[in-house]
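In case you want the letters, here they are:
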Amino acid sequence: MPSKAIFVSVQAHNFCLNEQQQALFESCNANAEVGAAASFVGLVRAENNIMETGQSHSGELRALYIEHYPAMTELVLRRLCEEASEKWQLITCRVIHRVGTIPIGEQIVLVMVGAKHRAAAFAACEFIMDHLKTSAPFWKKAIFEHDEHWVAAKQTDQVKVEQWSE
Amino acid sequence: MLSVKYFASLREQLGCNSERVEFVAGETLAQLAGRLASLHTGSPSDLQHPTTRCAVNQQVVELTVVPFDGDEIAFFPPVTGG
(Lines give C-alpha, C1' and ligand atoms only; values in the text may rest on other atoms or scores of the structure.)
Protein backbone atom coordinates (compact mmCIF):
# COMPACT_ATOMS: atom_id res chain seq x y z
CA MET A 1 0.00 0.00 0.00
CA PRO A 2 1.60 3.33 -1.01
CA SER A 3 2.08 5.66 1.95
CA LYS A 4 -0.03 8.39 0.32
CA ALA A 5 -3.02 6.02 0.52
CA ILE A 6 -3.04 6.59 4.29
CA PHE A 7 -4.23 10.02 5.36
CA VAL A 8 -4.44 11.11 9.00
CA SER A 9 -5.46 14.54 10.26
CA VAL A 10 -5.96 15.99 13.74
CA GLN A 11 -7.70 19.31 13.23
CA ALA A 12 -9.94 21.89 14.86
CA HIS A 13 -12.14 22.51 11.82
CA ASN A 14 -15.05 20.41 10.64
CA PHE A 15 -14.89 18.10 7.61
CA CYS A 16 -17.18 17.39 4.66
CA LEU A 17 -18.00 13.73 4.12
CA ASN A 18 -18.43 14.13 0.34
CA GLU A 19 -15.07 15.87 -0.02
CA GLN A 20 -13.40 13.18 2.07
CA GLN A 21 -14.90 10.41 -0.05
CA GLN A 22 -13.67 12.19 -3.19
CA ALA A 23 -10.20 12.51 -1.64
CA LEU A 24 -10.28 8.82 -0.70
CA PHE A 25 -10.93 7.82 -4.30
CA GLU A 26 -8.27 10.22 -5.61
CA SER A 27 -5.72 8.89 -3.09
CA CYS A 28 -5.69 5.56 -4.87
CA ASN A 29 -5.59 7.10 -8.38
CA ALA A 30 -9.02 5.76 -9.30
CA ASN A 31 -7.67 2.32 -8.54
CA ALA A 32 -10.17 -0.03 -10.16
CA GLU A 33 -9.55 -2.57 -7.39
CA VAL A 34 -11.67 -0.63 -4.87
CA GLY A 35 -15.02 -2.36 -4.71
CA ALA A 36 -16.14 -1.13 -1.30
CA ALA A 37 -15.79 2.16 0.56
CA ALA A 38 -17.05 2.22 4.14
CA SER A 39 -17.05 5.15 6.53
CA PHE A 40 -17.90 5.88 10.14
CA VAL A 41 -18.66 9.36 11.47
CA GLY A 42 -18.88 10.06 15.20
CA LEU A 43 -20.92 13.09 16.34
CA VAL A 44 -21.48 14.98 19.59
CA ARG A 45 -24.89 13.90 20.84
CA ALA A 46 -27.08 15.73 23.37
CA GLU A 47 -26.43 13.20 26.12
CA ASN A 48 -26.70 14.51 29.66
CA ASN A 49 -25.83 11.10 31.11
CA ILE A 50 -22.30 11.30 29.73
CA MET A 51 -20.82 11.37 33.24
CA GLU A 52 -20.16 8.37 35.46
CA THR A 53 -22.99 7.29 37.73
CA GLY A 54 -23.13 9.52 40.78
CA GLN A 55 -21.09 12.38 39.30
CA SER A 56 -23.23 15.48 39.22
CA HIS A 57 -23.21 18.28 36.69
CA SER A 58 -25.13 21.47 36.29
CA GLY A 59 -27.37 22.24 33.31
CA GLU A 60 -27.61 20.77 29.82
CA LEU A 61 -24.64 19.51 27.80
CA ARG A 62 -23.48 22.24 25.39
CA ALA A 63 -20.34 20.86 23.76
CA LEU A 64 -17.34 18.60 24.11
CA TYR A 65 -13.82 19.94 24.46
CA ILE A 66 -11.18 17.55 23.11
CA GLU A 67 -7.54 17.70 24.19
CA HIS A 68 -4.77 15.59 22.65
CA TYR A 69 -1.05 14.83 22.85
CA PRO A 70 0.13 16.38 19.56
CA ALA A 71 3.37 14.47 19.09
CA MET A 72 1.74 11.11 19.77
CA THR A 73 -1.77 11.34 18.29
CA GLU A 74 -0.88 11.17 14.60
CA LEU A 75 1.66 8.39 15.25
CA VAL A 76 -1.02 6.23 16.90
CA LEU A 77 -3.65 6.95 14.22
CA ARG A 78 -1.21 6.21 11.40
CA ARG A 79 -0.14 2.96 13.09
CA LEU A 80 -3.80 1.88 13.41
CA CYS A 81 -4.37 2.61 9.70
CA GLU A 82 -1.27 0.59 8.80
CA GLU A 83 -2.35 -2.31 10.99
CA ALA A 84 -5.88 -2.37 9.51
CA SER A 85 -4.49 -1.99 5.98
CA GLU A 86 -2.30 -5.03 6.44
CA LYS A 87 -4.98 -7.13 8.15
CA TRP A 88 -7.68 -6.50 5.51
CA GLN A 89 -5.52 -5.61 2.47
CA LEU A 90 -7.04 -2.13 2.34
CA ILE A 91 -6.32 -0.05 -0.73
CA THR A 92 -6.79 3.28 1.00
CA CYS A 93 -7.58 4.53 4.48
CA ARG A 94 -8.17 7.92 6.14
CA VAL A 95 -8.86 9.12 9.67
CA ILE A 96 -9.78 12.63 10.80
CA HIS A 97 -10.20 13.51 14.48
CA ARG A 98 -11.19 16.98 15.62
CA VAL A 99 -9.85 18.74 18.71
CA GLY A 100 -10.91 21.83 20.65
CA THR A 101 -14.51 22.77 21.41
CA ILE A 102 -17.12 20.90 19.35
CA PRO A 103 -20.81 21.86 19.80
CA ILE A 104 -23.64 19.32 19.99
CA GLY A 105 -24.58 17.89 16.61
CA GLU A 106 -21.16 18.41 14.98
CA GLN A 107 -18.86 15.69 13.69
CA ILE A 108 -15.92 14.60 15.87
CA VAL A 109 -14.30 11.74 14.01
CA LEU A 110 -14.16 10.14 10.57
CA VAL A 111 -12.82 6.72 9.63
CA MET A 112 -13.05 5.90 5.91
CA VAL A 113 -11.53 2.94 4.10
CA GLY A 114 -11.44 1.51 0.60
CA ALA A 115 -11.13 -2.24 0.11
CA LYS A 116 -11.92 -4.88 -2.50
CA HIS A 117 -14.97 -6.22 -0.70
CA ARG A 118 -17.49 -4.96 1.86
CA ALA A 119 -16.65 -7.40 4.66
CA ALA A 120 -13.08 -6.09 4.80
CA ALA A 121 -14.22 -2.46 4.59
CA PHE A 122 -16.78 -2.79 7.42
CA ALA A 123 -14.40 -4.77 9.65
CA ALA A 124 -11.47 -2.39 9.10
CA CYS A 125 -13.61 0.64 9.98
CA GLU A 126 -14.77 -0.97 13.20
CA PHE A 127 -11.25 -2.15 14.10
CA ILE A 128 -9.81 1.35 13.67
CA MET A 129 -12.60 2.99 15.72
CA ASP A 130 -12.40 0.43 18.54
CA HIS A 131 -8.63 0.87 18.83
CA LEU A 132 -8.78 4.66 18.43
CA LYS A 133 -11.10 4.88 21.43
CA THR A 134 -8.73 2.99 23.72
CA SER A 135 -5.26 3.91 22.44
CA ALA A 136 -5.24 7.30 20.70
CA PRO A 137 -4.30 10.07 23.18
CA PHE A 138 -7.48 12.17 23.10
CA TRP A 139 -9.42 13.28 26.19
CA LYS A 140 -13.00 14.57 26.26
CA LYS A 141 -14.30 17.20 28.60
CA ALA A 142 -18.08 17.64 28.79
CA ILE A 143 -19.07 21.32 28.76
CA PHE A 144 -22.40 21.78 30.54
CA GLU A 145 -24.42 24.96 30.89
CA HIS A 146 -22.92 25.83 34.30
CA ASP A 147 -19.86 23.61 34.72
CA GLU A 148 -17.51 21.18 32.97
CA HIS A 149 -16.11 17.71 33.73
CA TRP A 150 -13.58 15.33 32.21
CA VAL A 151 -15.28 12.24 30.81
CA ALA A 152 -14.13 8.91 32.32
CA ALA A 153 -13.05 6.03 30.07
CA LYS A 154 -15.75 3.39 29.54
CA GLN A 155 -15.14 -0.23 30.49
CA THR A 156 -17.33 -1.29 27.52
CA ASP A 157 -14.80 0.28 25.12
CA GLN A 158 -12.02 -1.78 26.71
CA VAL A 159 -14.11 -4.97 26.47
CA LYS A 160 -14.86 -4.21 22.80
CA VAL A 161 -11.21 -3.73 21.82
CA GLU A 162 -10.12 -6.87 23.63
CA GLN A 163 -12.52 -8.89 21.46
CA TRP A 164 -10.22 -8.24 18.48
CA SER A 165 -7.42 -10.23 20.11
CA GLU A 166 -9.57 -13.25 21.00
CA MET B 1 17.18 15.96 32.29
CA LEU B 2 13.76 14.54 31.55
CA SER B 3 10.98 16.44 29.83
CA VAL B 4 7.67 15.61 31.54
CA LYS B 5 4.23 16.39 30.10
CA TYR B 6 0.81 16.14 31.73
CA PHE B 7 -2.56 15.95 30.00
CA ALA B 8 -6.28 16.43 30.68
CA SER B 9 -7.40 16.08 34.33
CA LEU B 10 -3.83 15.44 35.49
CA ARG B 11 -2.63 18.67 33.84
CA GLU B 12 -5.41 20.62 35.56
CA GLN B 13 -4.85 19.01 38.97
CA LEU B 14 -1.14 19.83 38.88
CA GLY B 15 -1.65 23.23 37.26
CA CYS B 16 1.22 22.32 34.93
CA ASN B 17 1.46 21.40 31.22
CA SER B 18 5.09 20.35 31.24
CA GLU B 19 8.27 20.63 33.25
CA ARG B 20 11.91 19.56 33.13
CA VAL B 21 13.23 17.46 35.99
CA GLU B 22 16.59 15.94 36.88
CA PHE B 23 17.32 12.52 35.40
CA VAL B 24 17.97 9.89 38.09
CA ALA B 25 19.77 6.82 36.72
CA GLY B 26 17.91 3.56 37.37
CA GLU B 27 14.68 5.24 38.46
CA THR B 28 11.52 3.52 37.17
CA LEU B 29 8.53 5.50 35.88
CA ALA B 30 6.59 4.51 39.03
CA GLN B 31 9.39 5.96 41.16
CA LEU B 32 9.48 9.05 38.95
CA ALA B 33 5.71 9.49 39.45
CA GLY B 34 6.30 9.40 43.21
CA ARG B 35 9.10 11.98 42.95
CA LEU B 36 6.91 14.26 40.79
CA ALA B 37 4.01 13.93 43.25
CA SER B 38 6.36 15.07 46.03
CA LEU B 39 7.38 18.08 43.92
CA HIS B 40 3.68 19.00 43.71
CA THR B 41 2.58 18.31 47.29
CA GLY B 42 0.37 21.40 47.20
CA SER B 43 -1.61 19.96 44.28
CA PRO B 44 -3.12 16.54 45.08
CA SER B 45 -3.35 14.60 41.83
CA ASP B 46 -3.96 11.20 40.24
CA LEU B 47 -0.26 10.96 39.31
CA GLN B 48 0.06 7.72 41.28
CA HIS B 49 -3.47 6.48 40.64
CA PRO B 50 -3.54 2.89 39.29
CA THR B 51 -5.35 3.97 36.10
CA THR B 52 -2.82 6.68 35.19
CA ARG B 53 -0.98 5.88 31.96
CA CYS B 54 2.56 6.76 30.97
CA ALA B 55 4.28 7.20 27.60
CA VAL B 56 8.00 7.46 26.90
CA ASN B 57 8.86 9.21 23.64
CA GLN B 58 5.19 8.89 22.54
CA GLN B 59 4.98 5.13 23.20
CA VAL B 60 2.73 3.86 26.01
CA VAL B 61 4.80 1.73 28.39
CA GLU B 62 4.49 0.00 31.78
CA LEU B 63 5.49 1.90 34.91
CA THR B 64 8.28 -0.63 35.54
CA VAL B 65 10.22 0.85 32.59
CA VAL B 66 13.40 2.81 33.35
CA PRO B 67 13.72 5.86 31.05
CA PHE B 68 16.93 7.23 29.57
CA ASP B 69 18.38 10.71 30.05
CA GLY B 70 16.73 13.15 27.62
CA ASP B 71 13.51 11.11 27.20
CA GLU B 72 10.11 12.76 26.88
CA ILE B 73 7.76 11.34 29.51
CA ALA B 74 3.98 11.88 29.51
CA PHE B 75 1.50 11.07 32.27
CA PHE B 76 -2.23 11.05 31.51
CA PRO B 77 -5.59 9.52 32.47
CA PRO B 78 -7.16 6.73 30.33
CA VAL B 79 -7.97 8.08 26.85
CA THR B 80 -11.54 8.99 25.83
CA GLY B 81 -11.45 9.99 22.16
CA GLY B 82 -13.71 9.04 19.29
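*Asks:* So what's going on with the overall build of chain B? Residues and values would help.
*Replies:* Within chain B one finds two helices and five strands. Helices (α) and strands (β) of chain B occur, in sequence order from the N terminus, as β-α-β-α-β-β-β. Relative to its length of 82 residues, chain B is compact, with a C-alpha radius of gyration of 12 Å against a globular reference of 12 Å. For chain B, the spread of C-alpha atoms along the three principal axes comes to 35 × 30 × 20 Å. Buried positions account for 48% of the 82 residues belonging to chain B.

*Asks:* Before we move on, could you go through the side chain of Thr73(A) and cite the residues and values that matter?
*Replies:* Residues and elements named next belong to chain A. Its place among the elements puts Thr73 in helix α2 (residues 70-88). Here the side chain of Thr73 touches His68 through a polar contact of 2.9 Å, side chain to side chain. When residues no more than four places from it in sequence are discounted, the contact partners of Thr73 are Val10, His68, Pro137 and Phe138.

*Asks:* Give me the lowdown on the packing of α2(A) against helix α3 (residues 118-135) of chain A, citing residues and values where you can.
*Replies:* All names here are of chain A. Interaxial distance between α2 and α3 falls to 10 Å at its minimum, and their mutual angle equals 150 degrees. With respect to α3, the element α2 is oriented roughly antiparallel. Of the two possible hands of crossing, α2 and α3 adopt the one that is right-handed. Listed contacts from α3 to Val76, Leu77, Leu80, Cys81, Glu83, Ala84, Lys87 and Trp88 of α2 are Ala120, Ala123, Ala124, Phe127, Ile128, His131, Leu132 and Ser135.

*Asks:* Summarise the packing of aromatic side chains; cite the residues concerned and give the values.
*Replies:* Inspection of every chain in the model, using the stated rule, returns seven aromatic pairs over all chains. The interplanar angle of 65 degrees and the centroid separation of 5.2 Å between the aromatic rings of Trp88(A) and Phe127(A) together place this pair among those described as edge-to-face. Note that Trp88(A) is positioned in helix α2 and Phe127(A) in helix α3, a separation of 39 residues in sequence. Comparing Trp88(A) with Phe127(A), the two get one shared label, buried. Aromatic side chains Tyr6(B) and Phe75(B) sit 6.5 Å apart centroid to centroid with 20 degrees between the ring planes, which places their arrangement in the stacked category. Of the two residues, Tyr6(B) is situated in strand β1 (residues 2-6) and Phe75(B) in strand β5 (residues 72-76); the sequence distance between them amounts to 69 residues. Here Phe75(B) falls in the buried class, since its relative accessible area comes to 1%. Just above the ring of Trp88(A) sits the side chain of Lys87(A); from NZ or CZ to the centre is 5.4 Å.

*Asks:* Quick rundown of the nonpolar core? Include the residues and the values.
*Replies:* If you look at the biggest cluster of nonpolar residues, it comprises 49 residues, and the most contacted ones within it are Val113(A) and Phe76(B). Looking at this core element by element, the count peaks at nine residues for α3(A). Discounting residues that sit within four places of it in the chain, Phe76(B) has contacts with Tyr69(A), Met72(A), Trp139(A), Phe7(B), Leu10(B), Thr52(B), Arg53(B), Ala55(B) and Val60(B). In terms of nonpolar packing, the next biggest core, distinct from the first, is built from 17 residues, Val4(B), Leu14(B), Leu29(B) and Leu36(B) among them.

*Asks:* Explain the interface of chain A and chain B to me, and be specific about the residues and the numbers.
*Replies:* Each side of the interface is counted separately: chain A has 26 residues, and chain B has 19 residues. Across the chain A/chain B interface, buried area totals approximately 1,700 Å², and carbon plus sulfur atoms make up 59% of it. Our count for the chain A to chain B interface comes out at two salt bridges. With its nearest N and O atoms 2.6 Å apart, the salt bridge here joins Lys141(A) to Glu12(B). Here chain A and chain B share 13 residue pairs in polar contact (both at pLDDT 80 or more) between them.

*Asks:* Please give an account of the sheet that holds strand β2 (residues 36-43) of chain A that cites residues and values.
*Replies:* Residues and elements named next belong to chain A. With mixed pairing, four strands are arranged side by side in an open sheet as β1-β4-β6-β2. Unpaired on one side and paired on the other, β1 (6-11) and β2 mark the two borders of the sheet. On average, each strand axis in the sheet is inclined to that of its neighbour by 5 degrees, with strand direction left out of account. On top of the sheet, α2 reaches β1 and β4 (92-98); it is set at about 150 degrees to β1, its chief contact.

Conventions adopted
- Residues numbered from 1 in each chain as written.
- Chains lettered and ligands numbered in written order.
- Predicted model: local features only at pLDDT ≥ 70, side-chain atom pairs only at ≥ 80, totals over all residues.
- Heavy atoms only, no water.
- Helix = DSSP H or I, 4+ residues; strand = E, 2+ residues; numbered from the N terminus.
- Rg over C-alpha atoms; globule rule 2.2 N^0.38 Å.
- Buried < 20%, exposed > 50% of the residue type's maximum accessible area, 1.4 Å probe, protein only.
- Polar contact = N/O pair within 3.5 Å; in protein donor to acceptor, adjacent residues only side chain to side chain.
- Contact = heavy atoms within 4.5 Å.
- Axes fitted to C-alpha atoms, helices over the stretch in contact; angles between N-to-C directions.
- Parallel < 35°, antiparallel > 145°, perpendicular 65-115°, else oblique.
- Left-handed = near helix turned anticlockwise from the far one by under 90°.
- Phe/Tyr/Trp six-rings, centres within 6.5 Å; stacked < 30°, edge-to-face > 60°.
- Lys NZ or Arg CZ within 6 Å of the ring centre and 35° of its normal.
- Core = buried A, V, L, I, M, F, W, Y, C linked by side-chain atoms within 4.5 Å.
- Buried area = accessible area lost by both parts, 1.4 Å probe.
- Salt bridge = Lys/Arg side-chain N within 4 Å of Asp/Glu carboxyl O.
- Pairing = 2+ DSSP bridges.

Just distances and angles here, no functional claims.
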